[in-house]
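Architecture at a glance
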Amino acid sequence: MTENIDISIREKNIAFIGFMGAGKTTIGQLVAKKLYRDFIDIDEEIERIHQMPISQIFKEMGEASFRKMERELIVSLCKNTRVKILSLGGGAYLQEEVRKACLANCLVFFLDLSWESWKERIPLIIDSRPILQNKSLDEIEELFLNRRSAYNIHHSRITTSELDAESVADQIVESLKLAWDIYEPNRSIFD
Ligand SMILES: Nc1ncnc2c1ncn2[C@@H]1O[C@H](COP(=O)(O)OP(=O)(O)OP(=O)(O)O)[C@@H](O)[C@H]1O
Ligand SMILES: O=C(O)C1=C[C@@H](O)[C@@H](O)[C@H](O)C1
Ligand SMILES: [Mg+2]
């Protein structure tokens, strides 16, 4: 397939972006199920291709190689696939090429949460995210705040603080259906 130009918004891939632990994998999976769409988690896909966890890829191949892998995979999926749900890794969207490809070919949802809410998730993610290793809480907060300027370039922002994953997914599906009906009434992906 050639580059996705002028595709209908119903056919566009949906991409989830946001900080580590914001819920991109969890919510992406739920949204995919609710919309009967294929789900691709970029981190899991890289782990599958290389047959090792991300933390080991960082250790053995270095962060720069990981960033190249995620960039190439995301850009290729953006250009060559449709109707998919893509959950990006937390740092992928910091790369300009990734941002451009996502914004041009996907509906980009920023899953946002407050620093206070994020801190409650630390025990759930701390061991498996190499970027968080050997950092103080202040340093992690700085990263959390600094990355917002990139995440703020999106099509839609959903605040997930105080909401369980199922409710966030329902809210996203509702907003998508509304947008599809407003911008492309009387159309289905089979037209
Ligand atoms: N809305 C939510 N409320 C409470 N816990 C949540 C919510 N969404 C996700 N979680 C939990 O937070 C943890 C991290 O979620 P998840 O792995 O989906 O984050 P992520 O954004 O994909 O992170 P990464 O960028 O590192 O891939 C999981 O244990 C998940 O169950
Ligand atoms: O925020 C980040 O930089 C990362 C987030 C994870 O999803 C993984 O992609 C990896 O651990 C790096
Ligand atoms: Mg994830």
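On a predicted model such as this, the values are computed, not experimentally measured, just so you know.

The next subject is the site of ligand 1. In the neighbourhood of ligand 1, 17 residues make up the surrounding shell, with G21, K24, T25, T26 and R129 lying closest. Contacts to ligand 1 include L163, whose backbone N or O atom sits 2.9 Å from a nitrogen atom. Backbone polar atom of A165 to a nitrogen atom of ligand 1: 3.4 Å apart, as the coordinates give it. Look at ligand 1: alone it shows 640 Å² of surface, and the protein chains cover 78% of it. If you list the elements that add at least two residues to the shell around ligand 1, you get α1 (24–35) and α7 (122–125). Taken together, the residues of the shell around ligand 1 sort by class into 7 nonpolar, 5 polar and 5 charged.

So, about the environment of L163. Structurally, L163 is set in the loop between β5 (156–159) and α10 (165–183). According to the relative accessible area criterion, L163 is partly exposed, its value standing at 33%. In the structure, L163 is positioned 50 residues away from L113 in sequence and 9.8 Å away in space, judged by C-alpha atoms. When near neighbours in sequence (up to four residues on either side) are disregarded, L163 contacts V168 and Q171.

This paragraph deals with unusual backbone geometry. Despite not being glycine, Y36 shows a phi value in the positive range, around 55 degrees. Mapped onto the secondary structure, Y36 falls in the loop between α1 and β2 (38–41). Of the residues examined, Y36 reaches a relative accessible area of 78% and is grouped as exposed. For E162, which is not glycine, the phi torsion reads 75 degrees and is therefore positive. Residue position: E162 is located in the loop between β5 and α10.

Calculation notes
Residues numbered from 1 in each chain as written. Chains lettered and ligands numbered in written order. Predicted model: local features only at pLDDT ≥ 70, side-chain atom pairs only at ≥ 80, totals over all residues. Heavy atoms only, no water. Near = heavy atom within 4 Å. Polar contact = N/O pair within 3.5 Å; in protein donor to acceptor, adjacent residues only side chain to side chain. Areas by Shrake-Rupley, 256 points an atom, 1.4 Å probe, with all protein chains shown as cover. Helix = DSSP H or I, 4+ residues; strand = E, 2+ residues; numbered from the N terminus. Nonpolar A, V, L, I, M, F, W, Y, C, P; charged D, E, K, R; others polar. Buried < 20%, exposed > 50% of the residue type's maximum accessible area, 1.4 Å probe, protein only. Contact = heavy atoms within 4.5 Å.

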